[in-house]
Amino acid sequence: MATISFRPVRAFGHHPSGTRARRSFLETILSWQDRASDRAHLMDLDDRLLSDMGIDRAAARFEAAKPFWRA
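The structure displayed is predicted, hence computed values, not measured ones.

(A) A look at the overall build of the protein chain. For the protein chain, the helix and strand inventory stands at 3 helices and 0 strands. Each helix and strand of the protein chain, ordered N terminal to C terminal, gives the series α-α-α. Sorting the 71 residues of the protein chain into buried and exposed places 11% on the buried side. Summed over its atoms, the accessible surface of the protein chain is roughly 6300 Å², and 60% of this surface lies on carbon and sulfur atoms.

Structure (structure tokens):
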């Protein structure tokens, strides 16, 4: 007669690699939000502040036009 052994199955999210994956996903989302916010604020700066940062209006427009997922 054959014997069958059962191993407990871990539910999704209880495995340590699942925790890392969720953390990585959350960090990515937060990074995208920060990037989108920074680019929006960049367009609110006047030319003097942009000049202090070493960029001109055209460069600011170029950066602000990038999609949030692109670095």
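Now that the structure has been shown, we can carry on.
(B) Region of the structure containing the environment of Phe62. Relative to the elements of secondary structure, Phe62 occurs in helix α3 (residues 57–65). Distance from Phe62 to Arg39, taken between C-alpha atoms, is 9.8 Å for residues 23 residues apart in sequence.

(C) Spatial organisation of the pattern of salt bridges. Under the defined criterion, the tally for this structure stands at 4 salt bridges. Arg39 is paired through a salt bridge with Glu63; the nearest N and O atoms lie 3.1 Å apart. Here the residue Arg39 occupies a position in helix α1 (residues 16–44), and Glu63 occupies one in helix α3, the gap between them amounting to 24 residues. The class of Arg39 is buried, set by a relative accessible area of 5%. Its salt-bridge partner being Lys66, residue Glu63 comes within 3.2 Å of it at the nearest N-O pair. By relative accessible area, Glu63 is classed as partly exposed at 26%. One network of salt bridges, in which partners are shared, links Arg39, Glu63 and Lys66.

Cut-off values and rules
Residues numbered from 1 in each chain as written. Predicted model: local features only at pLDDT ≥ 70, side-chain atom pairs only at ≥ 80, totals over all residues. Heavy atoms only, no water. Helix = DSSP H or I, 4+ residues; strand = E, 2+ residues; numbered from the N terminus. Buried < 20%, exposed > 50% of the residue type's maximum accessible area, 1.4 Å probe, protein only. Areas by Shrake-Rupley, 256 points an atom, 1.4 Å probe, with all protein chains shown as cover. Salt bridge = Lys/Arg side-chain N within 4 Å of Asp/Glu carboxyl O.

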